[in-house]
Number of protein chains: 2
Amino acid sequence: MIACYIGLVPDTPGNAVPAVVDNRADTAPTLRPHRESKKHLQREAAISTALELARREGTAGLTMRRLGDELDLDPTTLYRLFRDKDDLLLAVCDREIAITVDELGTVSSDEPWQDVLRRIAERAWEGVSRNPTVIALTFARTTGGPGERRMVELILSTFARAGLSRAQTVVYYRAFADAVLALRGQNAVLATLDPEVQEKDATAWSRIYAQLGADEYPAARAHIAELVDVKDQTIYFAIVEAIISAAERAGATADQG
Amino acid sequence: MIACYIGLVPDTPGNAVPAVVDNRADTAPTLRPHRESKKHLQREAAISTALELARREGTAGLTMRRLGDELDLDPTTLYRLFRDKDDLLLAVCDREIAITVDELGTVSSDEPWQDVLRRIAERAWEGVSRNPTVIALTFARTTGGPGERRMVELILSTFARAGLSRAQTVVYYRAFADAVLALRGQNAVLATLDPEVQEKDATAWSRIYAQLGADEYPAARAHIAELVDVKDQTIYFAIVEAIISAAERAGATADQG
DNA sequence: TGTCGTTGTCAACAGCGTTGACAACGTTGA
DNA sequence: TCAACGTTGTCAACGCTGTTGACAACGACA
């Protein structure tokens, strides 16, 4: 796991499915084996450095030139490892997902499926809190890489234990995954903006809504104290629980019918 | 409503709360009345044009230079109307929200609160489908403008009819609003990328996951047909229903207790 | 040893948001 | 009526971005 993180191990070598993240493989099909391996190592090293750079400098700091400086490489050399910046970002994102899966450790089938989903949601919360940059850039995307594939398999197999039909299983899997990704992406995008902007956003309720006329905005005025106090984390886990609960009930009715 | 849309009516003139979207007002406090008015009209016109430009050209097409061309204005002149591009985007986003609220029409208190929320979710779905650009750029932000204030008041007052405590009301209001915004933002960000990338994303399941080994990814293989078929819209409304349902049950237990 | 694919370096392009200077305009006050 | 001054529009420019193409040096294979 650690080796994968610092980028020394080519993930799942010999896998039947080529890493789709590596789109450059298409353009250079006659690459010699050990050259291919060297290129792979360079790619992995670049991904690790990009991850660290993103964590340190934020969205705006992750540019091809900065990454080149960090690697003592000419920025244009990176274009021999990645098709374009998008390709790089997806690879970095997939690495981040793989780390999150690793942190979950082993998942026993004895553990209630609801608790597994709660643990996944918690790891996703913490992972994004630790490094919002990458997820902010790619939360709407499919990496198709090994990290994502492992995460999909884990969540899907967990929902498969909820007693749902196959179609329902997929709906709730996607509901869970999309909600977690979208909500954490939302927070991440905000977290990667200027601190000044974040401050403006965080204090919006007290600045604006506390001053609204009670005649025109009665509900907002009546709930102003709670609106100011409520935390993003509370909202996030409330939504997660709502989805788990919906899957529970769908599974229960399916059992009865 | 139409007048507001095409930018002829300064929204809620004489409101006690100054439009926070207009941050430039701070920098020029001694502006003469009719000049202020003229500036306001120019702002509104620019917002309308930006909205149309975004709809036509997408995220990448909405640049200060392009907007200047469209308005027959020097691009730098826009910086006399908006503090920076962020200020412009928030203003455009708030206009978009106002349009969505307008489309909802009047909301009677006879209408079940659940149905009101469903209608709001539907309008949000359609509005973003029509013009994903703006929401893609600002879905993680608070505009603080009049459009947003009206939307907040509407959703909040709807949840206030669910029989929840004040704290619970706010939690479910935020859960609903954040989920709708985050999920539609997720779809919108994807919709504003290159068509080629979208295609890659849409076909990811059939391209990648259909080829996975059943030994390594049994759950993915078992559900591949359903994974390929399921629609974003189904997921979106499943999450909305899960939240409504959670609020319903929270309200019911609060009534009994 | 010669050949050819690969790698690293350099300059450059087109575009972006944004700033500052400067001239033209139009309202305001004497 | 005229001068003064704040406002507006225009221009050039800065620093930055992702990205491309050309060119020389390197290194493994025949």
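Residues numbered from 1 in each chain as written. Chains lettered and ligands numbered in written order. Predicted model: local features only at pLDDT ≥ 70, side-chain atom pairs only at ≥ 80, totals over all residues. Heavy atoms only, no water.

Asks: Can you walk me through the packing of aromatic side chains in this structure?
Replies: Two aromatic rings, taken as a pair, are described by how far apart their centres are and by the angle between their planes. Scanning the entire structure with this criterion turns up 15 aromatic pairs over all chains. Ring geometry for Y236 of chain A and F237 of chain A: centres 4.9 Å apart, planes at 75°, overall edge-to-face. Classification of F237 of chain A by relative accessible area gives partly exposed; the value is 24%. Ring geometry for W205 of chain B versus Y209 of chain B: centroids 4.4 Å apart, planes at 40°, classification tilted. Taken as a pair, W205 of chain B and Y209 of chain B share a single burial class, namely buried. (Phe/Tyr/Trp six-rings, centres within 6.5 Å; stacked < 30°, edge-to-face > 60°. Buried < 20%, exposed > 50% of the residue type's maximum accessible area, 1.4 Å probe, protein only.)

Asks: How should I be thinking about the pattern of salt bridges in this particular structure?
Replies: Here the idea is simple: oppositely charged side chains can pair when their charged atoms come close. Residue and element names in this part refer to chain A. This model, assessed by the stated rule, comprises 38 salt bridges over all chains. Linking D87 and R43 is a salt bridge whose minimum nitrogen-to-oxygen distance equals 3.6 Å. Of this pair, D87 sits in helix α5 (residues 85–104) while R43 sits in helix α2 (residues 33–61); the two residues are 44 residues apart in sequence, bridging distant segments of the chain. Judged by relative accessible area, which is 5%, R43 ranks as buried. (Salt bridge = Lys/Arg side-chain N within 4 Å of Asp/Glu carboxyl O. Helix = DSSP H or I, 4+ residues; strand = E, 2+ residues; numbered from the N terminus.)

Asks: Explain the environment of V230 of chain B here, please?
Replies: Relative to the assigned elements, V230 of chain B resides in the loop between α13 (224–229) and α14 (232–256). Overall, V230 of chain B belongs to the buried group, its relative accessible area being 15%. With residues up to four places along the chain from it excluded, the contact list for V230 of chain B reads V170, V171 and R174 of chain A together with I235 of chain B. (Contact = heavy atoms within 4.5 Å.)

Asks: Explanation requested: the packing of helix α8 (residues 146–159) of chain B against helix α9 (residues 166–191) of chain B in the structure shown.
Replies: Two quantities define a packed helix pair, namely the angle between the axes and the distance from one axis to the other. Residue and element names in this part refer to chain B. Orientation of α8 relative to α9, taken along the N-to-C sense of each, is 130°, at an axis distance of 9 Å. As judged from the angle between their axes, α8 and α9 are oblique. The two elements α8 and α9 meet at a crossing, and its hand is right-handed. Side by side, α8 and α9 meet where V152, I155, L156 and F159 of the first sit next to T169, Y172, Y173 and F176 of the second. Partitioning the contact of α8 with α9 into residue classes produces seven nonpolar, one polar and no charged. (Axes fitted to C-alpha atoms, helices over the stretch in contact; angles between N-to-C directions. Parallel < 35°, antiparallel > 145°, perpendicular 65-115°, else oblique. Left-handed = near helix turned anticlockwise from the far one by under 90°. Nonpolar A, V, L, I, M, F, W, Y, C, P; charged D, E, K, R; others polar.)

Asks: Mind showing me how you'd approach the interface of chain A and chain B here?
Replies: Across the contact, 67 residues belong to chain A and 67 residues belong to chain B. The contact between chain A and chain B buries some 5,800 Å² in all, and 65% of this surface belongs to carbon and sulfur atoms. The largest per-residue losses of area from chain A upon contact with chain B belong to E153, R174 and Q186 of chain A, which jointly make up 10% of the total buried on that side. Here chain A is connected to chain B by eight salt bridges. Linking R141 of chain B and D201 of chain A is a salt bridge whose minimum nitrogen-to-oxygen distance equals 3.7 Å. For the pair chain A and chain B, the interface holds 16 residue pairs in polar contact (both at pLDDT 80 or more). Secondary structure elements with two or more residues in the side of chain A that touches chain B: α8 (146–159), α9 (166–191), α10 (195–202), α11 (204–207), α12 (218–222), α13 (224–229) and α14 (232–256) of chain A. Considering each element in turn, the side of chain A that touches chain B owes the most residues, 16 residues, to α9 of chain A. (Buried area = accessible area lost by both parts, 1.4 Å probe. Polar contact = N/O pair within 3.5 Å; in protein donor to acceptor, adjacent residues only side chain to side chain.)

Asks: Looking at this structure, how should I read the relation of the copies chain A and chain B?
Replies: Each of the two chain copies can be brought onto the other by rotation about an axis and movement along it. Structural alignment of chain A on chain B gives an RMSD of 0.0 Å, achieved by rotating through 180° and translating 0.0 Å along the axis. Taken together, the rotation and translation describe the operation of a two-fold axis. Here 100% of the interface residues in chain A have copies in chain B that are interface residues too; the copies meet face to matching face. (Least-squares fit on C-alpha atoms with pLDDT ≥ 70 in both.)

Asks: Would you mind showing me how to read the nonpolar core here?
Replies: One broad rule of soluble globular proteins: the nonpolar side chains tend to lie buried together. Membership of the largest hydrophobic core comes to 139 residues, with the highest contact counts inside it found for F176 of chain A together with F176 of chain B. Those residues in contact with F176 of chain B, other than ones at most four positions away along the chain, are L117, I120, A121, I155, F159, V240 and I243 of chain B. Residues L190 of chain A together with F139, A188 and V189 of chain B belong to the second largest nonpolar core, which totals 16 residues. (Core = buried A, V, L, I, M, F, W, Y, C linked by side-chain atoms within 4.5 Å.)

Asks: Would you explain the environment of A204 of chain A in this entry?
Replies: Position of A204 of chain A relative to the elements: it lies in helix α11. A relative accessible area of 3% means that A204 of chain A is categorised as buried. For the pair A204 of chain A and V228 of chain A, spaced 24 residues apart in sequence, the C-alpha to C-alpha distance is 8.7 Å. Beyond its immediate sequence surroundings of up to four residues, A204 of chain A is in contact with Y209 of chain A together with T142 of chain B.

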